[in-house]
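What follows is the residue order along each chain.
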Amino acid sequence: MLPFDLPVDVALARPVTDFPSDGGLSLEPKWDGWRALLRTGPDSRVFSRHGTDLTRAMADVAHTARRLPEAVYDGELLAVTDDGTVSFTLLQTRAGKGPKSGAGFSVVFVAFDLLATGNDTTDLRGQAYRERRERMLALLDGAPAGIRPTPATGDDHGALAWVGSLGGAIEGVVAKPLDRPYLPRYGSAWTKWRRRHTTDTVITGITAAANPNQQAAVLSRPDTDGRLRAVGVSLPLPQLAPRHQPHQRPEVDPARRP
């Protein structure tokens, strides 16, 4: 039995422009995947950071999670191809769907925090991050390949060496103070640094969302044959441009016709 119900508000990392190099930090990969909460144990469930139940779409992850002791993890869902490449585009094909045989990839859950354990009904969110991570590593020691802990280091050069690896799946570094509890939104004092690249894209659509502040632009680029292919989505759009209405000829008052 867990000490709280899911979903819960997750901790967020504040973007920074300077690489986080202060002491007392755990430096971890900034993954290009889907943020998720994973409940392991007999009643395994998968939730997005916004609280959407992804258990059906990630049925393979949920099935693997049943083999682990009851706990709640915060982490990232990644689509990994047979050759080890991580693809965000392939991950998007799971939206609203479940696993499909012959898809050429599998979804892996990379855990980067432990929020609770069920065997002693302990809410770990008030503990320091170093303590939560130690317990997470102990629980995931020998876990199935589909659920793995994220790597971490205190070395700046080692963290920078991750960036751009695995086919570009590691897009930056997340820094977490080792002595901080797990608090919603920016209360945990996490920061994220990204190595930025610029490229030209075409907006080919807007993602559907009940909350306008969660809508994003679908970005596309031409492939080698010149056809537009979706390559990702933008950050949430705070305000969409007004819709263009078809041009209509003004009505004329018959009394004023010549």
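Residues numbered from 1 in each chain as written. Predicted model: local features only at pLDDT ≥ 70, side-chain atom pairs only at ≥ 80, totals over all residues. Heavy atoms only, no water.

Trainee: Describe the overall build of the protein chain, naming the residues involved and giving the relevant values.
Mentor: A count of helices and strands for the protein chain gives 5 helices and 13 strands. Here the protein chain holds 258 residues, and the buried ones make up 40% of them. Put simply, of all contacts in the protein chain between residues at least 6 apart along the chain, 65% involve residues at least 24 apart. Approximately 15,100 Å² of the protein chain is accessible, and the part contributed by carbon and sulfur atoms is 50%. (Helix = DSSP H or I, 4+ residues; strand = E, 2+ residues; numbered from the N terminus. Buried < 20%, exposed > 50% of the residue type's maximum accessible area, 1.4 Å probe, protein only. Contact = heavy atoms within 4.5 Å. Areas by Shrake-Rupley, 256 points an atom, 1.4 Å probe, with all protein chains shown as cover.)

Trainee: Give me the packing of aromatic side chains: which residues, what numbers.
Mentor: Scanning the model with the defined rule gives 3 aromatic pairs in all. Ring centres 5.2 Å apart and planes at 80° place the aromatic pair F19 and W193 in the edge-to-face group. Of this pair, F19 sits in the loop between β1 (11-16) and β2 (25-31) while W193 sits in strand β10 (residues 185-194), placing them 174 residues apart in sequence. The same class applies to F19 and to W193, which are both buried. Here the aromatic rings of Y182 and W190 are separated by 5.8 Å at their centres, their planes lie at 75°, and the arrangement is edge-to-face. The class of Y182 is buried, set by a relative accessible area of 4%. Cation over ring: R125 sits above F4, and NZ or CZ is 4.0 Å from the ring centre. (Phe/Tyr/Trp six-rings, centres within 6.5 Å; stacked < 30°, edge-to-face > 60°. Lys NZ or Arg CZ within 6 Å of the ring centre and 35° of its normal.)

Trainee: Summarise the layout of surface pockets; cite the residues concerned and give the values.
Mentor: Space inside the second largest pocket adds up to approximately 170 Å³. If you go around the second largest pocket, the residues you meet are P7, V8, D9, V10, L12, R49, H50, G51 and R185. (1 Å grid on protein atoms, 1.4 Å probe; cavity = no way out; pocket = protein on both sides within 12 Å on 5 of 7 lines; lining within 4 Å. Points joined across faces, edges and corners; volume = space filled by probe spheres on them.)

Trainee: Report on the sheet that holds β2, specifying residues and quantitative values.
Mentor: Strands sit in the order β1-β10-β9-β2 across an open sheet of 4 strands; the sheet is mixed. Of all strands in the sheet, those bounded by a partner on one side alone are β1 and β2. For this sheet, the mean angle separating the axes of adjacent strands, direction not counted, is 35°. With 5 bridges connecting them, β1 and β10 associate as parallel partners. Across the sheet, residue P15 finds its bridge partner in β10, namely K192. Seen against the sheet, helix α3 (residues 129-139) touches β2, β9 (170-177) and β10 and runs at an angle of roughly 60° to β2. (Pairing = 2+ DSSP bridges. Axes fitted to C-alpha atoms, helices over the stretch in contact; angles between N-to-C directions.)

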